[in-house]
Each structure stands twice: as C-alpha cells, then as structure tokens.
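Here is how the chains run, residue by residue.
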Amino acid sequence: MIYIDTGSCDVYYNFGCEHYFADKKTFDDTVFLFWRTSPTIMVGKYQNVAEEINIPYVKEHNINIVRRMSGGGTIYTDMGGWQFTFIDKNTENVIEFRRYISPVIDALASFGIKAEFNGRNDLCINGKKISGNAQYRLGNSIIHHGSLLFNTDIESMVNATTVDSYKIISKSIKSIRDRVANISEYTVDSKGQSIDIQPEDFKEAMVSSILSGAKRSEVYDITHEDDVCIKALADSKFNNWESIYGSNPRFNIERSARFEGGKIVFKLDVIHGKIESASVYGDFFSILDAADITAALKGCAYSREAVYDAFVRNGMKDAIYKISIEDIAEMIAD
Amino acid sequence: MEKKLLMPKLRPEMEKAVLCAWLKEVGDEIKSGEPVYEIETDKVVTQVESSYDGVLKSKLYEEGDTVDVLLPVALVEEKQEAV
C-alpha cells in the first residue's frame, strides 16, 4: 500500500489527487489517501444541486460545492471529519466494497468502536451512520472513497442539506436521509472509559492501523510536478461551473410568489444547468408579452445572478407593474 | 449484424441500475472496448463498454431510466469484416 498525504484541505485539490493517481500517475500497489476538507457539500455524480442543497445557506456560509465522480447521495464534510480513498488497478467489472471497508472497521476497533455495515455500503454505530462509501472507475483504476464523521458540525450539515420543497421533477439520483452520529461520541479506552481524541490524533491512528494491515507499505511524497498537474485537474474537473451545475441531470421546476403587483408563476425546463424553455403565468400586468419574458430566459444559467442579468440585457427593468426584476430573479433561482 | 449491449450484473445482489448518461449518439461509430453509456448502482458509477466494432443503431432507454440487469440497453450494427 502506498500512502500519500495530500497536505491539503481543499476539496477540489483532494479530488484532483484522486483523479491524478487513478489516471495519470498510477502505481501497481493500492494507493491510500486520508484527507479532510474545509466546509463542503459533495453531491453525487448524477444528482441535481437544486434538489439537494440549500443554496442560500451554502452561499451565506461560504461552503464549497463539489460534484463527486462517484455515485450516491449528498454529504457534508468539514474539518471535524475525514475522508479516505483507495485507488486500485482494476480491469474486472465487478463491484467490491468489503475489501476497502474492512480495514476501516478494523482501525475503528482500535478505539473500542464496533462499526457495522448497513445494506447500502455505509458504516454505522448503533444504527447511526458514521461513514458513507462510494466508487467510480477511471481508466483502468477503481476509486473507492468514504467519509468518516468524527466531530462534524451536524447542525450545519442539516442546514446545508435542507431544501425547500419546490415542485421539481427529475430523474436524478435522490439522497436518502439517515440518522447520523459522530465517531468521537463513541471513542473509549481499553477500560471502556470515554476518551477525548483530537481529529489529528484520530487521523494518525487510523492511517497507521490501515497501513499496518497491508502486506507492505510505503509513503510517497507529492512532487512539484505532481502538484502542478493536480491543481490543473482540480480546476478543470471539479472547481468550475460546468462540473458543478452544468452536469445537473435535466429537471423541471415550478417557482411561484405573490407580490404587490400580483401572483407570478414560472415553469422551467433546465438542461445541464441552463434554462432550455420557460413558461410564465399569473395575474400580473406587463408591457411585455409572456413570450418576451420567457424568451429572455432561454439559454440562461439557472442561477439568481444569471437570471437577473438576462432580464437587464433584455430591457425588462420596470416591464412588470409593481414586480421588480430583482424580485423575479430571487423567486426563480436560489 | 445487429448486436445488443446489456445492462451488466456487477455483483450477485445487483438487480437493476440507473442509466445515467449516454456517451455516444445514434449513428456514432463505436470500437470494441469503447464506453457507450454510464450507469450507477449501489453508489458506484461505471462505464459500460461495447464488445463490438460498429455503429450505435438505437438507444433503448433515456438518461435517468432504471433498467433491470441483463436487459438490452443499446443496439449496435456490427461492422462486417470484408471477406
């Protein structure tokens, strides 16, 4: 096993590392990473950001958004939690989770923790989820990664993933809500006494336990050349609008609001993060036809700022009686 | 000759998967070993490759559809070897 310390809490860089060591610089032995992130929301590859994330909360709290290359649902990560990654050469098209999760279960046992598999490849303590796991394939590599809730801010997790129930129709993969817990609530010493462990000490013990379970282990240090390539991958594959919003599965959304000038309802068809078509209804008064209003939205990114800019560009300021374009942009997108 | 590309069974318990994305369009040439569509099951995203050289003739499902394992997902018109 080859352990690589990414030295970064930047989620985009860390996913860039996964990509790099799976596709660009590969090893014959299993590569193992153990990393954490500043507050981040990670959506699954085929999830819809609009359905999974409380965008106003996430913006207000400067929480990163990233789209994983693996499947499954949305998770929240922060400096109180850890992520682990195993990268293996794999040419067989067979799904295997246990070989990657078993070393993690064994390592947790060294803290007196009895973690168990649930039916969805998660790890639980007393029925509460402490680790979610997912996989993807890249070239001839299989990437298995998982989260470990150690001392994560559960309140922020709940707030960031609680979404208003607008009418959204899509075929995206939906998240499943689980009861969760932090591992730090369960750490005990050899006498069964509860002990307080710092996240950094937890990491050190987990890494050392997982490496000691391998037949042989070594450490690889990221070189300057690696670092340059990883940063480029982080930017091109993860930290950009196209990867986060442009990869949303197609969805239809209905948003409505009542203003002094009347009620207004928009129905939007959004493909790859952009408004493909729109219709508008209501009892408002406008100097424009409904078709002019909706034409302004065609091709526009589904975001509050982009909608506002599109209305300005199309000369719609003051076009609707007692409903401002700020009001409309705010009601259409978060 | 028309060939079928199936929804693979990637582990014994797998019964179905979501067809998440088409990586080829109808009419595109496909080489054996090239990925044609991407699927998600049990939180695993994987690409399904063609076993044939040919042309993608039809897509039998839309993105987002759930498909049972071993059902045909795409039809490929296999390229005939010159005799």
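Residues numbered from 1 in each chain as written. Chains lettered and ligands numbered in written order. Predicted model: local features only at pLDDT ≥ 70, side-chain atom pairs only at ≥ 80, totals over all residues. Heavy atoms only, no water.

Taking an unreviewed UniProt entry as the reference, chain B is identified by name as Lipoyl-binding domain-containing protein belonging to Johnsonella ignava ATCC 51276.

The name an unreviewed UniProt entry assigns to chain A is lipoate--protein ligase, from the organism Johnsonella ignava ATCC 51276. Word for word, the UniProt comment on chain A under Catalytic activity (unreviewed entry) is "L-lysyl-[lipoyl-carrier protein] + (R)-lipoate + ATP = N(6)-[(R)-lipoyl]-L-lysyl-[lipoyl-carrier protein] + AMP + diphosphate + H(+)". (UniProt positions renumbered as here; feature names shortened; annotations may be inferred.)

Lay out the overall build of chain B in plain terms, naming residues and giving numbers.
Assigned secondary structure in chain B consists of 0 helices and 8 strands. Its C-alpha atoms give chain B a radius of gyration of 13 Å, near enough to 12 Å, the size a compact globule of 83 residues would have. Expressed as lengths along the three principal axes of its C-alpha atoms, the size of chain B is roughly 45 × 25 × 15 Å. Taking all 83 residues of chain B together, the buried fraction comes to 43%. With an accessible surface of roughly 4400 Å², chain B has 49% of that area assigned to carbon and sulfur atoms. If you average the places of the 11 positive and of the 19 negative side-chain charges in chain B, the two averages end up 3 Å apart. (Helix = DSSP H or I, 4+ residues; strand = E, 2+ residues; numbered from the N terminus. Rg over C-alpha atoms; globule rule 2.2 N^0.38 Å. Buried < 20%, exposed > 50% of the residue type's maximum accessible area, 1.4 Å probe, protein only. Areas by Shrake-Rupley, 256 points an atom, 1.4 Å probe, with all protein chains shown as cover. Lys, Arg positive; Asp, Glu negative; His and termini not counted. Charge placed at Lys NZ, Arg CZ, Asp CG, Glu CD.)

Run through the pairing of strand β14 (residues 251-259) of chain A, naming residues and quoting values.
All names here are of chain A. Sheet topology note: the strand β12 (residues 167-170)/β14 ladder contains 4 bridges and is antiparallel. Looking at the pairing, Ile 169 lines up with Asn 252 of β14. Connecting β14 to the next strand, strand β15 (residues 262-271), in antiparallel fashion are 2 residues. (Pairing = 2+ DSSP bridges.)

So what's going on with the domain arrangement of chain A? Which residues, and what values?
Residues and elements named next belong to chain A. When cut into domains, chain A gives domain 1 (2-244) and domain 2 (251-333). Here domain 1 and domain 2 have C-alpha centroids that lie 38 Å from each other. If you look at the interface, domain 1 gives 9 residues, while domain 2 gives 11 residues. Note on domain 1 versus domain 2: buried area summed over both sides is about 860 Å², and carbon and sulfur give 57% of it. Contact with domain 2 buries area across many residues of domain 1, yet Tyr 166, Lys 167 and Trp 241 alone supply 51% of it, more than any other trio. Counting across the interface, domain 1 meets domain 2 through 2 salt bridges. Lys 59 is the partner of Glu 305 in a salt bridge, and the nearest nitrogen-oxygen pair spans 3.3 Å. Summed over the shared surface of domain 1 and domain 2, the result is 3 residue pairs in polar contact (both at pLDDT 80 or more). (Domains from an automatic or database assignment. Contact = heavy atoms within 4.5 Å. Buried area = accessible area lost by both parts, 1.4 Å probe. Salt bridge = Lys/Arg side-chain N within 4 Å of Asp/Glu carboxyl O. Polar contact = N/O pair within 3.5 Å; in protein donor to acceptor, adjacent residues only side chain to side chain.)

Could you give an account of the pattern of salt bridges, naming the residues involved and the relevant values?
Scanning the model with the defined rule gives 33 salt bridges over all chains in all. One salt bridge in this structure joins Arg 36 of chain A and Glu 200 of chain A, with 3.0 Å as the shortest N-O distance. Taken as a pair, Arg 36 of chain A in the loop between β2 (31-35) and β3 (40-43) and Glu 200 of chain A in helix α6 (residues 199-212) lie far apart in primary sequence, 164 residues in all. Glu 51 of chain A is the partner of Lys 174 of chain A in a salt bridge, and the nearest nitrogen-oxygen pair spans 3.0 Å. With Lys 174 of chain A in the loop between β12 and α6 and Glu 51 of chain A in helix α2 (residues 49-52), this pair connects stretches of sequence that are 123 residues apart. Several salt bridges share partner residues, and in doing so they unite Arg 120, Asp 122, Lys 129 and Asp 178 of chain A together with Lys 43 of chain B into one network.

Just give me the short version of the sheet that holds strand β16 (residues 274-282) of chain A, but keep the residues and values in it.
All names here are of chain A. The strand order across the open sheet built from 4 strands is β12-β14-β15-β16, with neighbouring strands paired in antiparallel fashion. Looking at which strands have only one partner, the edges of the open sheet turn out to be β12 and β16. For this sheet, the mean inter-axis angle between neighbouring strands, taken without regard to orientation, is 15°. Helix α11 (residues 325-332) contacts β14 and β15 of the sheet and is inclined by roughly 140° relative to β14. (Axes fitted to C-alpha atoms, helices over the stretch in contact; angles between N-to-C directions.)

Any chance you could break down the sheet that holds strand β6 (residues 81-89) of chain A for me, citing the residues and the numbers?
The strand order across the open sheet formed by 10 strands is β13(A)-β1(A)-β2(A)-β6(A)-β11(A)-β10(A)-β5(B)-β4(B)-β2(B)-β7(B), and the pairing between neighbours is mixed. Each end of this open sheet is capped by a strand with a single partner; those strands are β13 (218-219) of chain A together with β7 (66-68) of chain B. For strand β10 (residues 133-138) of chain A and strand β11 (residues 141-149) of chain A, the ladder comprises 6 bridges, and the chain directions are antiparallel. Residue Arg 137 of chain A lies in a different strand from β11 of chain A, and its bridge partner there is Ile 142 of chain A. Sitting on the sheet, helix α1 (residues 11-24) of chain A is in contact with β1 (2-4), β2, β6, β10 and β11 of chain A, with an inclination near 180° to β2 of chain A. Lying on the sheet, helix α4 (residues 98-109) of chain A is in contact with β6, β10 and β11 of chain A; it crosses β6 of chain A at an angle near 140°.

I'd like to hear about the side chain of Gln 135 of chain A, residue by residue, with values.
With respect to the helices, strands and loops of the structure, Gln 135 of chain A is situated in strand β10. Classification of Gln 135 of chain A as buried rests on a relative accessible area of 0%. When sequence neighbours within four positions are dropped, the list of residues in contact with Gln 135 of chain A reads Ser 70, Gly 71, Ile 95, Glu 96, Phe 97, Tyr 100, Ile 142, Ile 143 and His 144 of chain A together with Lys 43, Val 44 and Val 45 of chain B.

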